Amino acid sequence: MNSTIKHHLATGLAFSFLIAWYYSLQHFGFFDFATNLMPTDYHGAGLMFGIGLGMAPAFFIWSRFNRWVEKKLDIKGIYIEDSYYDEKTKR
């Protein structure tokens, strides 16, 4: 199996992890908790805040996993954030 297929499978696995993380937050009532912190007129904002806050650790884990897989499979590429921070450090 070539590295492209392995990378696609690993990315699919990582995306499945994100979906499972979201549904576990929903199952344990985290979104209801975040929604109920807001006044009735702002329940939608509370839900969006809860989604952002609850999913942030999952996206961090997802990004680290993707970087690890790319390192193991020796996949080369340019990351936009790398070039941005390189320019900042050169100044």
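Residues numbered from 1 in each chain as written. Predicted model: local features only at pLDDT ≥ 70, side-chain atom pairs only at ≥ 80, totals over all residues. Heavy atoms only, no water.

Quick look at the packing of aromatic side chains now. The description of two aromatic rings rests on the distance between their centres and on the angle between their planes. Enumeration according to the criterion identifies six aromatic pairs in this entry. With a centroid separation of 5.1 Å and 40 degrees between ring planes, the pair formed by Tyr22 and Phe31 is classed as tilted. For Phe31, a relative accessible area of 5% gives the class buried. Centroid distance Phe30 to Phe31: 6.2 Å. Interplanar angle 65 degrees. Geometry classified as edge-to-face. (Phe/Tyr/Trp six-rings, centres within 6.5 Å; stacked < 30°, edge-to-face > 60°. Buried < 20%, exposed > 50% of the residue type's maximum accessible area, 1.4 Å probe, protein only.)

Attention shifts here to the environment of Ser3. Secondary-structure assignment places Ser3 in helix 1 (residues 3-27). Classification of Ser3 by relative accessible area gives partly exposed; the value is 33%. The spatial distance from the C-alpha of Ser3 to the C-alpha of Lys72 is 9.7 Å, given a sequence separation of 69 residues. (Helix = DSSP H or I, 4+ residues; strand = E, 2+ residues; numbered from the N terminus.)

Let's shift gears to the nonpolar core. Listed in full, the five residues of the largest apolar core are Leu18, Leu25, Phe31, Met55 and Ala58. Of all the secondary-structure elements, those providing two or more residues to this core are helix 1 and helix 3 (43-72). Apart from the residues within four sequence positions on either side, Leu25 is in contact with Phe30, Phe31, Gly54 and Met55. (Core = buried A, V, L, I, M, F, W, Y, C linked by side-chain atoms within 4.5 Å. Contact = heavy atoms within 4.5 Å.)

Here the focus is helix 1. In this model, helix 1 (25 residues) spans 36 Å end to end at C-alpha, consistent with the 36 Å of a helix rising 1.5 Å per residue. Residues His7, Ala10, Ala14, Leu18 and Leu25 constitute the buried set of helix 1. Where helix 1 is buried, its residues meet helix 2 (30-36) and helix 3. Looking one or two residues beyond helix 1, the residue adopting positive phi is Gly29, at roughly 80 degrees. (Expected span 1.5 Å × (residues − 1).)

Attention shifts here to unusual backbone geometry. With the exception of glycine, most residues fall at negative phi, and the peptide bonds are largely trans. Of note, the phi angle at Asp74 is positive, near 55 degrees, even though the residue is not glycine. Structurally, the position occupied by Asp74 is in the loop between helix 3 and helix 4 (80-90). Looking at Asp74, the relative accessible area reads 52%, which means it is exposed.

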